[in-house]
Amino acid sequence: MTFPFWMLIAVLAVAAFSIRVLGLLAGESIKSSRHSWMLDDLPGLIVVSLVASSLAGQPIGTWLAAGVALFVAYVTNHVIWTMCVGVAAYAGLVWFGF
């Protein structure tokens, strides 16, 4: 490999490392601030945003299966049951042509 390729690899490695270090420093400063309560809800908010963006533009069968999974998650508060019932609901709806 030539020198420009090695320089590109080095710059990208430093950039990746810097992003992680800055994230750790920012997380520590937020954790010790008065805004730390937001970190408690962050994992759930990330999951909701990922699911909502995945459902955009999907057919009605996908929305119905997501509704079934949401109901199971609310009733049981169990991740494995929610995934199993959601997949089964989607498979059943696809089987019946929704």
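All of these numbers come straight from a predicted model, not from anything done at the bench.

### Structural notes on a nonpolar patch on the surface
Nonpolar side chains collect at one region of the surface, where Ile30, Leu39, Leu42, Leu45, Ile46 and Leu50 lie side by side and expose about 500 Å² of accessible area between them. With five residues, the single largest contributor to the nonpolar patch is helix α2 (residues 37-55). Among the structural elements, Ile30 can be located in helix α1 (residues 3-31). Classification of Ile30 as partly exposed rests on a relative accessible area of 35%.

### Structural notes on the environment of Met83
Relative to the elements of secondary structure, Met83 occurs in helix α4 (residues 79-95). With 44 residues separating them along the chain, Met83 and Leu39 place their C-alpha atoms 25 Å apart.

### Digging into helix α3 (residues 60-76)
Taking 1.5 Å of rise per residue, the 17 residues of α3 would be expected to cover 24 Å, and the 24 Å separating its terminal C-alpha atoms lies within 8% of that figure. Turning to α3, its buried residues are Gly61, Thr62, Ala65, Ala69 and Val72. Buried residues in α3, looked at end-on, bunch into an arc of 100 degrees, giving them a common side. For α3, the exposed residues set more than 90 degrees away from the buried face come down to Ile60, Leu70, Phe71, Tyr74 and Val75. Looking at the buried positions of α3, the neighbouring elements they touch are α2 and α4.

So, how was this worked out
- Residues numbered from 1 in each chain as written.
- Predicted model: local features only at pLDDT ≥ 70, side-chain atom pairs only at ≥ 80, totals over all residues.
- Heavy atoms only, no water.
- Patch = residues over 30% accessible without salt bridge, like charges linked within 9 Å, V, L, I, M, F, W, Y side chains within 5 Å.
- Areas by Shrake-Rupley, 256 points an atom, 1.4 Å probe, with all protein chains shown as cover.
- Salt bridge = Lys/Arg side-chain N within 4 Å of Asp/Glu carboxyl O.
- Helix = DSSP H or I, 4+ residues; strand = E, 2+ residues; numbered from the N terminus.
- Buried < 20%, exposed > 50% of the residue type's maximum accessible area, 1.4 Å probe, protein only.
- Expected span 1.5 Å × (residues − 1).
- Arc of directions from axis to C-beta.
- Contact = heavy atoms within 4.5 Å.

Keep in mind these numbers describe shape, not what the thing actually does.
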